[in-house]
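# A look at the structure
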Amino acid sequence: MMMRWKDLSDRHDRLLKEVTIALVGKYTQLEDAYSSVIKSLQHSSLCVSHRLNLRCIEADHLEAAMMKENPSKYHDAWHQLVSANGVLVPGGFGKRGVEGKCLAANWARTNNKPFLGVCLGLQCAVIEYSRNVLGLEDAHSTEFNPKTKNPVVIDMPEHNTGQMGGTMRLGKRKTLFNTESSILRKLYGKQSFVEERHRHRYEVNPTIVSQLEGEGMKFVGRSEDGERMEIMELQGHPYYVGVQYHPEYLSRPMKPSAPYLGLLLASTGKLSTYVTRGFRLSPHLSYSEGNDEELDEEIAQLSIEKSDSVESTS
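For the structure given in this document, a descriptive report is provided here. (Residues numbered from 1 in each chain as written. Predicted model: local features only at pLDDT ≥ 70, side-chain atom pairs only at ≥ 80, totals over all residues. Heavy atoms only, no water.)

### Focus: the overall build of the protein chain
We apply this condition: Numbered from the N terminus, helices here are DSSP runs of H or I no shorter than four residues, and strands are runs of E no shorter than two. Only protein chains enter the calculation, and the probe is 1.4 Å; a residue is then buried if its accessible area is under 20% of its type maximum, exposed if over 50%, and partly exposed in between. By definition, residues are in contact when any of their heavy atoms lie within 4.5 Å. Every accessible area reported is derived by Shrake-Rupley at a probe size of 1.4 Å, with residue values counting cover from the shown protein chains alone.
Scanning the protein chain from N- to C-terminus turns up 11 helices and 12 strands. The buried share of the protein chain, taken over its 314 residues, is 52%. Counting only contacts in the protein chain whose residues sit at least 6 apart along the sequence, the fraction spanning at least 24 positions is 69%. Taken as a whole, the protein chain presents about 14,700 Å² of accessible surface, with 49% of it coming from carbon and sulfur.

Structure representation (structure tokens):
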């Protein structure tokens, strides 16, 4: 095991290629706010043999109001977003920045950029899609607009509005896949279900699901009772995925989170190769690789260098 960690460290130090991910969030000025998310991105970027270049973008800097308030911040935020290889919209609470997150989701969707929405990120993708594809102009979450005529994201039945303490859906929950064609199911190793950790009060309104699915936004993973939308995938898009749970909590350096791995594979142009190879994992470090021969060559070179070092000191 110690040797594996040393190989992992050596491999990180030898990375030459870079992948740029735009993290569109609400707390980017707080160093530890997205600690688990950033670690998950690092695990997956190492897995696909790329050095992570992370751009943290304040979501409200993408909004029209910022163009009037501070044009420099507005244009810089959009430049950072559109020049990234992939887009991540993580979780969060409160209204600030929600429209910016919806704009980021829209840009990734309409420009075929790899996208991962986590918790609120999934909900923003649903809000944006409902507005611009279903034509529900005032579609929103009851968290941010309780009076909306089209509540596409709603309070959970067990959540009493106005009460914040002890009202969240927490802990590990089972999500059942309802199709074998799901890209995320394949990234999870073709399992029939996954168990991931949750932390939320709001969820996709089940009454709007049939309309969304009719327009290509498929909810391929649901709760055991089928009422809660846990995994979303957009048909016809290279990688446009949303999850209600927080997969970053279970990510590990040698076993990166499947949704994050999918984002990094797509952002580096390796996802199609990975699919073609039948989602087969490389035997070394349990990592997926677009080029196993390249990895074997790296490992062999490391072994030679270590051997030469031992001989020179003997």
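Having seen the model, we can carry on.
### What to know about the sheet that holds strand β5 (residues 140–141)
So the rule is basically this: Paired strands, in this sense, are two strands between which DSSP finds at least two bridges. Convention adopted: a line fitted to C-alpha atoms gives each axis, helices being fitted over their contacting stretch, and angles between N-to-C directions are expressed from 0 to 180 degrees.
Taken together, the 3 strands give an open sheet; going across it, the order is β5-β6-β9, and neighbouring strands pair in mixed fashion. Since the sheet does not close on itself, it has two edges, and those belong to β5 and β9 (202–204), each with one partner. Across 3 bridges, the pairing between strand β6 (residues 151–155) and β9 is antiparallel. Residue pairing across strands places V153 opposite V204, the latter belonging to β9. Seen against the sheet, helix α6 (residues 120–132) touches β5, β6 and β9 and runs at an angle of roughly 150° to β6.

### Observations concerning the nonpolar core
Condition: Definition of nonpolar core: a set of buried residues of the types Ala, Val, Leu, Ile, Met, Phe, Trp, Tyr and Cys, connected through side-chain atoms within 4.5 Å.
Core analysis: the biggest nonpolar cluster contains 44 residues, and V24, L81, V87, M217, F219 and Y240 have the highest contact counts within it. The element that contributes the greatest number of residues to this core is α6, accounting for 7 residues. Here L81 is in contact with A22, V24, I57, L62, V87, A104 and W107, once residues within four sequence places are set aside. If you look at the next biggest cluster of nonpolar residues, it comprises 33 residues, including F177, Y260, A266 and L271.

### Comments concerning the packing of aromatic side chains
Stated formally: To pair, rings of Phe, Tyr and Trp, with the six-membered ring standing in for Trp, must have centres within 6.5 Å; the planes then decide the type, stacked if under 30 degrees apart, edge-to-face if over 60, and tilted in the middle.
Tallying each qualifying case throughout the model produces 3 aromatic pairs. For the pair F115 and Y240, a centre-to-centre distance of 4.5 Å together with 20° between the ring planes defines the contact as stacked. Of the two residues, F115 is situated in strand β4 (residues 115–118) and Y240 in strand β12 (residues 240–243); the sequence distance between them amounts to 125 residues. A residue is classified by how much of its surface remains accessible, and Y240, at 1% relative accessible area, is buried.

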